[in-house]
Amino acid sequence: MKPARFDNIYEEKAKKGMKLFTKSAYEDFRGFEEAIITKDDQQYREVDPERSKLFAAVAKGISQIGIREGSSVLYLGASHGYTASYCSDIIGKQGKILCVDVAPRVVRDLVFLCEKRDNMAPLLADCRQPETYKEFISENVDVVFQDIAQRDQVSIFLKNCDQFLKQGGFGLLAVKARSIDVTKKPALVFKQAYQELDKARSTVIVDKRELAPYEKDHVLFVVKKR
Amino acid sequence: MEWQRLREKAFTTTKEALAASVNDNHLIIQAVASMEDLDRTSNTLIKRLREWYSLYGPEFSHAVTDNEAFTRRVLEKSKQEQLQELQCKQSMGADLQEQDVQEMLALAGMIRAMHEERARLERYLETIMQRHCPNITAIAGPTIAARLLQEAGSLRQLAIIQASTIQMYGAEKALFRHLKTGAKPPKHGHIINHPLIAKAQAKDKGKIARALADKLSIAAKVDYFKGDPIGDELRKALEERFG
Ligand SMILES: C[S@@+](CC[C@H](N)C(=O)[O-])C[C@H]1O[C@@H](n2cnc3c(N)ncnc32)[C@H](O)[C@@H]1O
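So, how was this worked out
- Residues numbered from 1 in each chain as written.
- Chains lettered and ligands numbered in written order.
- Predicted model: local features only at pLDDT ≥ 70, side-chain atom pairs only at ≥ 80, totals over all residues.
- Heavy atoms only, no water.
- Helix = DSSP H or I, 4+ residues; strand = E, 2+ residues; numbered from the N terminus.
- Rg over C-alpha atoms; globule rule 2.2 N^0.38 Å.
- Buried < 20%, exposed > 50% of the residue type's maximum accessible area, 1.4 Å probe, protein only.
- Contact = heavy atoms within 4.5 Å.
- Areas by Shrake-Rupley, 256 points an atom, 1.4 Å probe, with all protein chains shown as cover.
- Lys, Arg positive; Asp, Glu negative; His and termini not counted.
- Charge placed at Lys NZ, Arg CZ, Asp CG, Glu CD.
- Polar contact = N/O pair within 3.5 Å; in protein donor to acceptor, adjacent residues only side chain to side chain.
- Nonpolar A, V, L, I, M, F, W, Y, C, P; charged D, E, K, R; others polar.
- Near = heavy atom within 4 Å.
- Core = buried A, V, L, I, M, F, W, Y, C linked by side-chain atoms within 4.5 Å.
- Domains from an automatic or database assignment.
- Pairing = 2+ DSSP bridges.
- Axes fitted to C-alpha atoms, helices over the stretch in contact; angles between N-to-C directions.
- Parallel < 35°, antiparallel > 145°, perpendicular 65-115°, else oblique.
- Left-handed = near helix turned anticlockwise from the far one by under 90°.
- Expected span 1.5 Å × (residues − 1).
- Arc of directions from axis to C-beta.

## So, the overall build of chain B
Then, number 1: Scanning chain B from terminus to terminus reveals 13 helices and zero strands.
Then, number 2: In chain B, the order of α-helices and β-strands from amino to carboxyl end is α-α-α-α-α-α-α-α-α-α-α-α-α.
Then, number 3: In terms of C-alpha radius of gyration, chain B reaches 24 Å, well past the compact-globule figure of 18 Å for 243 residues.
Then, number 4: Overall, the C-alpha framework of chain B stretches about 75 × 65 × 40 Å when taken along its three principal axes.
Then, number 5: The buried share of chain B, reckoned over its 243 residues, is 42%.
Then, number 6: Contacts spanning at least 24 positions in sequence make up 60% of the contacts within chain B whose residues lie at least 6 apart.
Then, number 7: For chain B, the computed accessible surface area is about 14,200 Å², with 52% contributed by carbon and sulfur atoms.
Then, number 8: Of the side-chain charges in chain B, 36 are positive and 32 negative, and the distance between the mean point of each set is 7 Å.

## Notes on the interface of chain A and chain B
Then, number 1: The interface is formed by 20 residues belonging to chain A together with 15 residues belonging to chain B.
Then, number 2: If you look at where chain A meets chain B, you find nine residue pairs in polar contact (both at pLDDT 80 or more).
Then, number 3: Those elements that provide at least two residues to the side of chain A that touches chain B are β7 (96-101), α3 (104-115) and β8 (120-124) of chain A.
Then, number 4: Looking at the side of chain A that touches chain B, the element that brings in the most residues is α3 of chain A, giving six residues.
Then, number 5: Counted by class, the side of chain A that touches chain B contains twelve nonpolar, two polar and six charged residues.

## Some thoughts on the site of the ligand
All names here are of chain A.
Then, number 1: Around the ligand there are 18 residues in total, and Y75, T83, D101, D126 and D147 lie nearest to it.
Then, number 2: Compared with its free state, where it exposes 610 Å², the ligand has 83% of that area covered by protein.
Then, number 3: Of the residues belonging to the shell around the ligand, the class tally is eight nonpolar, four polar and six charged.

## Side note on the nonpolar core
All names here are of chain B.
Then, number 1: Of all hydrophobic cores here, the largest spans 54 residues; its most connected members are L125, M129, I136, L148, L158, I191 and L216.
Then, number 2: Taken together, the elements giving at least two residues each to this core come down to α2 (24-53), α4 (67-76), α6 (98-132), α7 (134-152), α8 (155-160), α11 (195-198), α12 (202-225) and α13 (231-242).
Then, number 3: Considering every element that reaches this core, the biggest residue donor is α6, with ten residues.
Then, number 4: Taken together, domain 1 (19-132) and domain 2 (134-243) each give at least three residues to this core, which thus spans both.
Then, number 5: Not counting chain neighbours up to four residues away, the residues in contact with L125 comprise I28, A31, V32, M35, P142, T143 and A146.

## Notes on the sheet that holds strand β1 (residues 2-3) of chain A
Residues and elements named next belong to chain A.
Then, number 1: One open sheet holds the five strands; their spatial order is β1-β2-β3-β5-β4, and the pairing between them is antiparallel. Taken across any chain shown, the strands that pair with only one partner, and hence form the sheet edges, are β1 and β4 (36-39).
Then, number 2: In terms of strand pairing, strand β3 (residues 18-23) meets strand β5 (residues 42-47) through four bridges, oriented antiparallel. Within β5, the position partnered with K23 by the bridge is Y44.
Then, number 3: Seen against the sheet, helix α2 (residues 82-91) touches β2 (9-13), β3 and β5 and runs at an angle of roughly 145 degrees to β5.

## With respect to the packing of α7 of chain B against α13 of chain B
All names here are of chain B.
Then, number 1: Viewed as axis vectors pointing N to C, α7 and α13 meet at an angle of 25 degrees, and their least axial separation amounts to 8 Å. For the element pair α7 / α13, the angle class is roughly parallel. Note on packing geometry: the crossing formed by α7 with α13 is right-handed. Across the interface between the two elements, N135, A138 and I139 of α7 pack against G231, D232, L234, R235 and L238 of α13.
Then, number 2: Taken together, the residues of the contact of α7 with α13 break down into four nonpolar, two polar and two charged.

## Some details on the pairing of β3 of chain A
Residues and elements named next belong to chain A.
Then, number 1: Inspection of the sheet shows β2 paired to β3 by five bridges, in the antiparallel sense. Counted as the bridge partner of I9 is T22 from β3.
Then, number 2: Taken together, β2 and the strand that follows it, β3, pair antiparallel across an intervening segment of four residues, in which G17 is found at a positive phi of about 70 degrees.

## Comments concerning helix α6 (residues 186-199) of chain A
All names here are of chain A.
Then, number 1: Here α6 spans 20 Å end to end across 14 residues, near enough to the 20 Å set by a 1.5 Å rise per residue.
Then, number 2: Looking at α6, one finds that the buried residues are P186, V189, F190, A193 and L197. An end-on view of α6 places all buried positions within 95 degrees of arc, on one side of the element. Exposed side of α6, more than 90 degrees from the buried face: A187, K191 and K199 are the residues found there.

Nothing here speaks to function; it is all geometry.
Okay, here's the thing in C-alpha cells:
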C-alpha cells in the first residue's frame, strides 16, 4: 500500500485496477462493512469507488479534489454519509465537515455516524435554501461538495459556492445526467452543465471526469473560486 | 471552540427537526408496507405448513383451500374430527406422535397470529386514513388508497400528479415489460383490486379504471387542500355508472 496523490488516501494494486483506502482518523470505526487493514498500528478503511463518486473520480485520475488534511467542508446531499465518512478521514481530526441532507430517512443514520466522529456534524436542511443553514457556517469553507441528483443541481451548487466558499477554495459537483432530463443524451446534459458552470463569474472550471465504469452517466466537475 | 458549539447546535436542531418531521403519511406508509410483509411471510409459511401437515392429514390439506380457514381448523380440530367431517374412511397420512404434531401446530399458531395482526392493521389503517385523507379513502377503500399513497410518497405528490399516473401505480413492472418487449400495455395497477373493476367484464375494465383514477385524482386534491368532503358523492357517481 502506498500514498495516492492526495492527503490520507492510499492505493494498493489489486487483481483488477487499484484498491483505494483512507487513513482512518478515528480508531476502530467501521460504519459500512468496509474492509479494514492495519499497518504499523494504523488502520486504513477501504473505499468502494462504485459507491462513491468522489473516489470514482480519484480512480479515474482527477487532478485535484481540494480536500486536504485540516480542510473545512460543506457536504450537500450527504445521504447515509458513506462518502462523507471518507472525507472525514481525509481532513483528519483538525478538519470539519458539515453534512447536509433533506431526507429524514437518511439523516437518522447520518446522526448516528456523526456522533462517532467529532469532525462531522449532521444537518437536516434543503440546500436550495442556504439561508436556513448559514448560521451553522461560521467562516467560509475550503470545499463545497455537492451530490444531490436534482434537476437544478448546477444552479444550487453555484448559489452555495457564492455564499459559502472561500476565495481559492474548491467546489466539487457530481452531475447525474438522468436527473436533469431523462430524455436527453447524457453527453448533451454534461455539455449544458459545463456551459452553465463556465458562465459563472465567481468560479473557474479546473477539471472534469466522467465516472464510468464506476458510476454510469455521471460526471464530477471541479471548480475553483476566484 | 467554535466548531464544537456549532456541531452541538447542529445535532440539537437536527434531532428536533427529525422528531417533528414524522406525520400520518409516514405511519400509513409503514402500515401498508407491514401488511405486505405479513402477507408475503404468512404465504410462505402456510405453504410450508400445508406440505408438512400433508404427512399427517393430507385429505384435510387438500379439502380446505382457504388459508385462514385451514390454519384455524388445524389448530381447533383433531385429526379424528377432521376425517369424520370429511367422511374419510382411510387416511393417507401417517399416525404421528404427539411431539411431531405439536411442532406443526406451533407453526400454525404463528400463522394464525399473523392473520390476526393483518386484520388489526387493516382496522388501524382505516382509522388513520379516515383522518389523513378521507376522500380518496371513501372512493378506493383504506387499503388501495394507502397503496396509492405509498407509491406517490406523500399526499402532496398524489394531489399533483396526473390521473393517468394514479391509474398505473402498482403496474410499473408490466409497464416496463410493455416498453421493452412490446407486450400488451397494462390498463391499471393497484386499483385493479377495486370492487368495481374486479367484478367488471374484461372489456370494461380499462374504461372503469380511467374513470376511477379521474375521481381519485380530484379526491386527492380535496384531501390535500382540505376542501369540502366530496368522496362519498364521487363514489356514488361511479357506482351508479358502473355498478
Ligand atoms: C446520490 S445521494 C448522495 C450519496 C452520497 N453523496 C454518497 O456518495 O455517499 C443524493 C442525496 O441528495 C439528497 N438531496 C436531494 N435533494 C436535496 C436537497 N434539495 N437538499 C439536500 N439534500 C438533497 C437526497 O436526499 C439523497 O440522500
